[in-house]
Amino acid sequence: RRTIFRSFDSLPPGAVDARFVVGAGAGVTVLAEQAAHGDLLLLNGTRENKESGKNLDYFLLVAERMPRRYSWVVKADADSYVV
């Protein structure tokens, strides 16, 4: 599915930074994908659950370590439609 999202080019370059968040257990395939595309946020040691986990760690990472300051940050799944 990430390949499909990477093919969308309707926005001007630099208008949107799209990242794919990957939780604990990233294997060799995921690491190779990161080397090829550089658009994965690897959250090593993070497990998914309702109270904390990948979503919370993602927002904390964006606030603390991303090189840009963003006006908007969105977390969406593959079946989401963001307007």
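Everything that follows concerns the structure shown earlier in this document.
Rules of the game
- Residues numbered from 1 in each chain as written.
- Predicted model: local features only at pLDDT ≥ 70, side-chain atom pairs only at ≥ 80, totals over all residues.
- Heavy atoms only, no water.
- Helix = DSSP H or I, 4+ residues; strand = E, 2+ residues; numbered from the N terminus.
- Buried < 20%, exposed > 50% of the residue type's maximum accessible area, 1.4 Å probe, protein only.
- Contact = heavy atoms within 4.5 Å.
- Areas by Shrake-Rupley, 256 points an atom, 1.4 Å probe, with all protein chains shown as cover.
- 1 Å grid on protein atoms, 1.4 Å probe; cavity = no way out; pocket = protein on both sides within 12 Å on 5 of 7 lines; lining within 4 Å.
- Points joined across faces, edges and corners; volume = space filled by probe spheres on them.
- Nonpolar A, V, L, I, M, F, W, Y, C, P; charged D, E, K, R; others polar.

## Describing the overall build of the protein chain
Each helix and strand counted, the protein chain has three helices and two strands in total. Order of helices (α) and strands (β) in the protein chain, N terminus to C terminus: α-β-α-β-α. For the protein chain, the residues scored as buried account for 18% of the 83 residues in total. Across the protein chain, the fraction of contacts at a sequence separation of at least 24, relative to all contacts at a separation of at least 6, is 24%. Total accessible area on the protein chain is roughly 6,800 Å²; 54% of this is exposed by carbon and sulfur atoms.

## What to know about the layout of surface pockets
One number sums up the size of the largest pocket: a volume of about 1,800 Å³. Looking at the largest pocket, it is lined by 40 residues, and the ones nearest its centre are V16, D17, A18, R19 and F20. When contributions to the lining of the largest pocket are tallied by element, the ones reaching two or more residues are α1 (2-6), β1 (20-22) and α3 (54-65). In terms of residue count, the dominant contributor to the lining of the largest pocket is α3 (four residues). For the lining of the largest pocket, the per-class residue count stands at 23 nonpolar, five polar and 12 charged.

## A few points about the side chain of E33
When you line up the elements, E33 lands in helix α2 (residues 28-37). Apart from residues lying up to four places away in sequence, E33 is in contact with R2, R6, G38 and L40.

## Quick notes on the environment of V30
Structurally, V30 is set in helix α2. Of the residues examined, V30 reaches a relative accessible area of 16% and is grouped as buried. For the pair V30 and L40, spaced 10 residues apart in sequence, the C-alpha to C-alpha distance is 8.6 Å. If sequence neighbours within four positions are ignored, V30 has contacts with V22, L40 and L42.

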